[in-house]
Amino acid sequence: MSDKNPYDVLKADVLEVIEESPTIKSFYLKPEKPFEFATGQFIELSLPGIGEAPFTPSSSHYEKEKMWVTIMNAGFVTNEIHKVKKGDVMGIRGPYGRGYPLDVFKGKDVLLLGGGVGLAPLRCLLQTMLHDVDDYKSITVCFGARTPADMIYKDQIDDWTKYKTVAHLCTVDNCKEADNWNGRTGVVTVLLDDITIDPKDAIAVVCGPPIMMKFGTFALLDKGFKASNIYLSMEKKMYCGFGQCRHCVMGKYYACKDGPVFTYEEIKNEEKIWD
Ligand SMILES: Cc1cc2nc3c(=O)[nH]c(=O)nc-3n(C[C@H](O)[C@H](O)[C@H](O)COP(=O)(O)OP(=O)(O)OC[C@H]3O[C@@H](n4cnc5c(N)ncnc54)[C@H](O)[C@@H]3O)c2cc1C
C-alpha cells in the first residue's frame, strides 16, 4: 500500500477567473507543485471551511504547472466556489480514477459529444489530443447548450478548428430572436445527422447530464457506433474519490476508482447507470 495519505491537499493559487456563461465559470489554478494526472481522471477541489467536490480538469494533462477547471454553479459547494476571486487559495487532492485510453483512440476518428458543462471534461481530452493532433484520424466536437448564452468556450473554437482534421458542430435547445443565433437548434443528438465519419471503427466520448448521456449513447448506437467504442464519463455523486464512501457504486463498479470513464459495453448491464 502507498504511504501517501489519500486526503493530502495541495494548495493552489487562483490566477484568473473567467465567466463562461451565466452559470459556469472557469478557474485557472497554480498548484504549489506540478500536478500530474491523466486525461479523464478527476480531482477533489476544496475551499477551506466550506467543503469539496469532484471535478475533471479542463486543461491538457501535458500542462502540469497550471490547470483550468470549469465549474457549473449546481449547489452548495459550487455556489461558494463561484465567489472565489483571483488571488484566493483553493485545495486540490487527487488525481483519482481511470481516464481515457488514448492509445486506443490513436489512428481513429474521435467524436466528442458534450452537453452543457459536460464539455469541460471533454476539453481536457481535446486539448490533450490537439497536442499530438496528427496521431488521430479526425476529431469532431459536437456540443449542445440550452441557449446561445449557455455556450461555453466560444472564443476557443477557432483555435481548435485551425487544424484540418478538427471540426466543431454546435446546437442550442432554444433561442430567441434577440439571440441572433444562426446555428442549429435541437438537442445535441441532432448534430449526429451532420457527421460524415464512418462509425464502424470510430470512437465516441460522451459527457453531460444523465439524460443527455442516455439518449446520446442510444443515438450513437443507432448511428452504428459499437458499444465497446462509446466512452462515458460517469459523474456520479461521490465524496472520497477512492472507493471508501461507496456513494458512487454502480452495480459491481465504483465510479470513482473503476471509472469515471467506462465504455458503454462495460456498464450497459449494471443497474441505474443513467440516474
Ligand atoms: C468525476 C466527476 C467529474 C466532474 N466534473 C465536473 C466538472 O468538470 N465541472 C462541473 O461543473 N461539474 C463536474 N462534476 C459535477 C460536480 O461534482 C457537482 O456539480 C458538484 O459536486 C455539486 O456540488 P454542490 O455542493 O455544489 O451541489 P449539492 O448542493 O451537493 O447538490 C446540488 C445538486 O447537484 C447534484 N450533484 C451533486 N453532486 C453531483 C455529482 N457528482 N454529479 C452530478 N450532480 C451532482 C445534486 O444531486 C443536486 O441536485 C463532476 C462530477 C464527477 C463525479
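Starting afresh in each chain, residues are numbered from 1 along the sequence in its written order. Confidence filtering applies because this is a predicted model: local features only for residues at pLDDT of at least 70, side-chain atom pairs given and counted only at 80 or more, and all residues used for totals across whole chains, interfaces and linings. By convention in this description, side-chain values take in all heavy atoms of the structure and omit both hydrogens and water.

A word on the overall build of the protein. Here a strand is any run of E in DSSP of at least two residues, a helix any run of H or I of at least four, and the numbering for each starts at the N terminus. Helix and strand content of the protein: six helices and 15 strands. This radius of gyration counts C-alpha atoms alone. The globule rule is 2.2 Å times how many residues there are, raised to the power 0.38. For a compact globule of 275 residues, the expected C-alpha radius of gyration is about 19 Å, and the protein comes in at 18 Å, within 12% of that figure. With respect to the principal axes defined by its C-alpha atoms, the protein has extents near 50 × 45 × 35 Å. With a 1.4 Å probe rolled over the protein chains alone, any residue whose accessible area is under 20% of its type maximum counts as buried; one over 50% counts as exposed, and the rest are partly exposed. Counting all 275 residues of the protein, 53% fall into the buried class. Relative to all contacts within the protein whose residues are 6 or more apart in sequence, the contacts with residues 24 or more apart total 69%. Accessible areas in this description were obtained via Shrake-Rupley with a 1.4 Å probe; residue shielding takes into account the shown protein chains only. With the model as given, the accessible surface of the protein reaches about 13,100 Å², and the carbon-plus-sulfur share is 50%. For the protein, the distance from the average site of its 33 positive side-chain charges to the average site of its 38 negative ones is 2 Å. Only heavy atoms enter the contact rule, under which two residues are in contact if any of them lie within 4.5 Å. The positive count covers Lys and Arg only, the negative count covers Asp and Glu only, and His and the chain ends enter neither. By convention, charge coordinates are those of NZ in Lys, CZ in Arg, CG in Asp, or CD in Glu.

Below, the discussion takes up the pairing of strand β8 (residues 138-145). In summary, the side chains of a regular strand alternate between the two faces of the sheet. Counting buried positions along β8 yields eight of eight residues, so the element is predominantly enclosed. Burial of β8 is two-sided: the residues Ser138, Thr140, Cys142 and Gly144 facing one way and the residues Ile139, Val141, Phe143 and Ala145 facing the other way are all buried. Here, a strand pair is defined by DSSP locating no fewer than two bridges between the strands. With seven bridges connecting them, strand β7 (residues 109-115) and β8 associate as parallel partners. When the sheet's bridge partners are listed, Val110 is paired in β8 with Ile139. Handedness of the β7-helix α3 (residues 119-131)-β8 crossover: right-handed. Pairing of β8 with strand β9 (residues 166-172), which is carried by seven bridges, proceeds in the parallel orientation. Counted as the bridge partner of Thr140 is Ala167 from β9. By convention, orient the strands away from the viewer: a clockwise path from the first strand over the helix to the second makes the crossover right-handed.

The subject of this paragraph is the domain arrangement of the protein. As annotated, the domain borders come from an automatic or database domain assignment. When cut into domains, the protein gives domain 1 (10-96) and domain 2 (102-233). Here the C-alpha centroids of domain 1 and domain 2 sit 23 Å apart. Across the boundary between the two partners, domain 1 contributes 20 residues, which contact 17 residues of domain 2. Simply put, the buried area is the total loss of 1.4 Å probe accessible area from both parts when two parts are fitted together. Across the interface of domain 1 and domain 2, roughly 1,400 Å² is buried in total on both sides, 61% from carbon and sulfur atoms. Each polar contact in these results corresponds to two N or O atoms within 3.5 Å; when the atoms are within protein, one needs to be able to donate a hydrogen and the other to accept it, and residues that are neighboring in sequence are counted only if both atoms are side-chain atoms. Our count for the domain 1 to domain 2 interface comes out at seven residue pairs in polar contact (both at pLDDT 80 or more). Those elements that provide at least two residues to the side of domain 1 that touches domain 2 are β2 (24-31) and β5 (67-72). Ranked by the residues each element gives to the side of domain 1 that touches domain 2, the list is headed by β5, at four residues. Each residue belonging to the side of domain 1 that touches domain 2 can be placed in one class, and the counts come to eight nonpolar, eleven polar and one charged. The classification used treats Ala, Val, Leu, Ile, Met, Phe, Trp, Tyr, Cys and Pro as nonpolar, Asp, Glu, Lys and Arg as charged, and all other residues, Gly among them, as polar.

Okay, the sheet that holds β7 next. What links the strands of a sheet is backbone hydrogen bonding, and the strands pair in either a parallel or an antiparallel sense. Taken together, the seven strands give an open sheet; going across it, the order is β10-β9-β8-β7-β11-β12-β15, and neighbouring strands pair in mixed fashion. Strand pairing shows two members of the sheet lacking a second neighbour, β10 (184-185) and β15 (261-263), which therefore form its edges. Helix axes are fitted only over the stretch in contact, all axes being lines through C-alpha atoms; the angle between N-to-C directions runs from 0 to 180 degrees. Its contacts with the sheet put α3 on β7, β8, β9 and β11 (203-207), and the angle it makes with β7 is roughly 155 degrees.

Moving on, we come to the site of the ligand. Nearness is judged by heavy atoms alone; a residue qualifies as near a molecule or strand once a single heavy atom is within 4 Å of it. Near the ligand there are 20 residues, and of these Pro54, Thr70, Met72, Val77 and Thr78 occur at the shortest range. Within the contact set of the ligand, an oxygen atom lies 2.5 Å away from a side-chain nitrogen or oxygen of Thr78. If the ligand stood free it would expose 850 Å²; the protein chains cover 74% of that surface. Elements with a contribution of two residues or more to the shell around the ligand: β4 (51-55), β5 and α1 (76-81). In terms of residue class, the shell around the ligand is made up of 13 nonpolar, four polar and three charged.

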